[in-house]
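Residues per chain are reported as follows:
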Amino acid sequence: MIPPAFDYARPGSIEEAVRALADGGEDAKVLAGGQSLLPLLRMRLAFPELVVDVGRVPGLSGVREDGDTLVIGAMTTHHDVIHDPLVRRHAGLLAAATATVADPAVRHRGTLGGSLAHADPAGDLPAVVLALDAELVAQGPGGRRVIPAREFFVDYLQSALAPDELLTEVRVPKADGWGFHYEKFHRVAQAWAIVGVAALVRRDDGHIAEARVALTNMGATPLRAHAAEEALAGAGDAEAVARAAREAADGTHPAQDTSASPEYRAHLARVLTGRAVLTAAGMG
């Protein structure tokens, strides 16, 4: 299908990109890797009057350390996130989950920032940055602001980014010493997850001292399974983990669609949480 007509801008700096977005207002869209926006344009589900291509803006890609934090440029491709030694060493959950995104062609073009700004609750990476307690940095006409991941995803396909703001980087606290696992259920390879679970576990003296569990596709936004996290504290064996995992769907609002019913998604959330936590804790 042929997309609707739109104006096109290719800024050469972050400042130029922000000005273009401000001039375009709510009718402007950012083009990063294009793996989220281009399908929407082709299916005429998006009708921007202006597309701002940030593919050649310098300073938006790469990974660096800032003390106890990894700073990942928003334009860093999934492929580069997967293979970056700093990400693999200090944020293994992000590398592991990114390796499950779509297929190699998408991973070579798609970007971390683009996936997060798209704010699809069925996407793998929003739940992952939620579990990692990441922060997202936006640049707008008023300057730079830092948005915690728990405040970034506000509704279905809606983020906290203002129309004139550009996502520039993702700040991920190092998770050294934490076990991790991303578990998802999908009908066919490369399809969206029907349900996914991002788990981080810190153990002490053979028991789970702290757990973080974030859910993919269990509501209009990615969600933390707070009841399960609390129940996991102190768990020392598979039976205790299984009991805690029964609370994974508490407070969620999974959708009804052609892939699954809300009840089936809740069942999957419980099962996948148990598997992900056991693996992350080294008990599986």
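Here the structure is a predicted model, which is why all the values come from computation and not from measurement. (Residues numbered from 1 in each chain as written. Predicted model: local features only at pLDDT ≥ 70, side-chain atom pairs only at ≥ 80, totals over all residues. Heavy atoms only, no water.)

### Notes on the nonpolar core
Part 1 of the reasoning: Ranked by size, the top nonpolar core spans 39 residues in total, and within it Val87, Leu94 and Leu116 carry the most contacts.
Part 2 of the reasoning: The element that contributes the greatest number of residues to this core is helix 8 (residues 124-131), accounting for 6 residues.
Part 3 of the reasoning: Sequence-distant contacts of Val87, that is, excluding residues within four places in its chain, are made with Val63, Leu70, Ile72, Val81, Gly92, Leu94 and Ala95.
Part 4 of the reasoning: Counting residues in hydrophobic clusters, the runner-up holds 29 residues, among them Leu232, Ala248, Ala260 and Leu268. (Core = buried A, V, L, I, M, F, W, Y, C linked by side-chain atoms within 4.5 Å. Buried < 20%, exposed > 50% of the residue type's maximum accessible area, 1.4 Å probe, protein only. Helix = DSSP H or I, 4+ residues; strand = E, 2+ residues; numbered from the N terminus. Contact = heavy atoms within 4.5 Å.)

### A short note on the side chain of Thr216
Part 1 of the reasoning: The residue Thr216 is located in strand 13 (residues 207-216) in this model.
Part 2 of the reasoning: Side-chain polar atoms of Thr216 contact the side chain of Tyr182, separated by 3.2 Å.
Part 3 of the reasoning: Aside from chain neighbours lying at most four places away, what touches Thr216 is Pro121, Ala122, Gly123, Asp124, Ala127, Tyr182, Ala193, Ile194, Val195 and Gly196. (Polar contact = N/O pair within 3.5 Å; in protein donor to acceptor, adjacent residues only side chain to side chain.)

### Observations regarding the sheet that holds strand 4 (residues 63-66)
Part 1 of the reasoning: Ordered in space as 4-5-10-6-7, the 5 strands form an open sheet in which the pairing is antiparallel. Strands with a single pairing partner mark the edges of an open sheet, and in this sheet they are strand 4 and strand 7 (143-148). This sheet shows a mean twist of 25 degrees between the axes of neighbouring strands, independent of strand direction.
Part 2 of the reasoning: Where strand 6 (residues 135-140) lies against strand 10 (residues 166-173), 5 bridges are found, and the strand directions are antiparallel. The partner of Gln139 across the bridge, within strand 10, is Leu166.
Part 3 of the reasoning: Each of strand 6 and strand 10 is contacted by helix 1 (residues 14-24), which is oriented at about 120 degrees to strand 10, the strand it contacts most. (Pairing = 2+ DSSP bridges. Axes fitted to C-alpha atoms, helices over the stretch in contact; angles between N-to-C directions.)

### Focus: the packing of helix 11 (residues 238-245) against helix 12 (residues 262-280)
Pairs of packed helices are described in terms of their axes, by the angle between the two and the distance that separates them.
Part 1 of the reasoning: Contact pair helix 11 / helix 12: the axes reach a minimum separation of 8 Å and the direction vectors enclose 140 degrees. Once helix 11 is placed against helix 12, the crossing between them reads as right-handed. Along its contact with helix 11, which presents Ala238, Val241 and Ala245, the element helix 12 presents Arg270, Thr273, Gly274, Val277 and Leu278.
Part 2 of the reasoning: Grouping the amino acids of the contact of helix 11 with helix 12 by side-chain chemistry returns 5 nonpolar, 2 polar and 1 charged. (Left-handed = near helix turned anticlockwise from the far one by under 90°. Nonpolar A, V, L, I, M, F, W, Y, C, P; charged D, E, K, R; others polar.)

### Comments concerning the packing of aromatic side chains
Part 1 of the reasoning: Under the criterion given, the structure shown has 2 aromatic pairs.
Part 2 of the reasoning: Lying over the aromatic face of Trp178, Arg212 brings its terminal NZ or CZ to 4.6 Å of the ring centre. (Phe/Tyr/Trp six-rings, centres within 6.5 Å; stacked < 30°, edge-to-face > 60°. Lys NZ or Arg CZ within 6 Å of the ring centre and 35° of its normal.)

### Some points on helix 12
It helps to recall that an α-helix has 3.6 residues per turn; residues three or four apart then point in one direction.
Part 1 of the reasoning: Over its 19 residues, helix 12 runs 26 Å from end to end, which matches the ideal 27 Å to within 8%, given 1.5 Å per residue.
Part 2 of the reasoning: In this structure, the buried residues of helix 12 make contact with strand 11 (179-185), strand 12 (195-204), strand 13, helix 10 (226-232) and helix 11.
Part 3 of the reasoning: Positive backbone phi, at 75 degrees, marks Gly282, one or two positions downstream of helix 12. (Expected span 1.5 Å × (residues − 1).)

### Description of the pairing of strand 3 (residues 50-53)
Side chains on a regular strand alternate between the two faces of the sheet.
Part 1 of the reasoning: The alternating pattern of strand 3 places Leu50 and Val52 on one face and Val51 and Asp53 on the opposite face, and all of these are buried.
Part 2 of the reasoning: In this region the chain leaves strand 2 (residues 28-31), passes through helix 2 (residues 37-42) and returns to the parallel neighbour strand 3; the handedness of that crossover is right-handed. (Right-handed = clockwise from strand over helix to strand, strands pointing away.)

### A short note on the pattern of salt bridges
Part 1 of the reasoning: Per the stated rule, a full pass over the model turns up 14 salt bridges.
Part 2 of the reasoning: The partner of Arg10 in a salt bridge is Asp53, with the nearest N and O atoms 3.2 Å apart. With a gap of 43 residues between them, Arg10 in the loop between strand 1 (7-9) and helix 1 and Asp53 in strand 3 connect regions that are remote in the sequence.
Part 3 of the reasoning: Take Arg10: its relative accessible area is 42%, and that puts it in the partly exposed class.
Part 4 of the reasoning: Of the charged contacts, one joins Glu210 and Arg202 as a salt bridge, the two residues approaching to 3.2 Å between their closest N and O atoms.
Part 5 of the reasoning: What you see here is one network of salt bridges that share partners, running through Asp66, Arg144, Glu169 and Arg171. (Salt bridge = Lys/Arg side-chain N within 4 Å of Asp/Glu carboxyl O.)

### Considering helix 11
Part 1 of the reasoning: For helix 11, the complete set of buried residues consists of Ala240, Val241, Ala244 and Ala245. Projection of helix 11 onto a plane perpendicular to its axis shows the buried side chains occupying an angular sector of 135 degrees, all on one side.
Part 2 of the reasoning: If you follow the buried residues of helix 11, they end up packed against strand 13, helix 10 and helix 12.
Part 3 of the reasoning: Capping of helix 11 at its N-terminal end is provided by Asp237; its side-chain oxygen lies 3.3 Å from the backbone amide nitrogen of Glu239. (Arc of directions from axis to C-beta.)

### Description of a negative patch on the surface
Part 1 of the reasoning: On the surface, Asp7, Glu26, Asp27 and Glu49 cluster together into a patch of negative charge.
Part 2 of the reasoning: Locating Glu49 in the fold gives a position in the loop between helix 2 and strand 3.
Part 3 of the reasoning: Judged by its relative accessible area of 52%, Glu49 falls in the exposed class. (Patch = residues over 30% accessible without salt bridge, like charges linked within 9 Å, V, L, I, M, F, W, Y side chains within 5 Å. Areas by Shrake-Rupley, 256 points an atom, 1.4 Å probe, with all protein chains shown as cover. Lys, Arg positive; Asp, Glu negative; His and termini not counted. Charge placed at Lys NZ, Arg CZ, Asp CG, Glu CD.)

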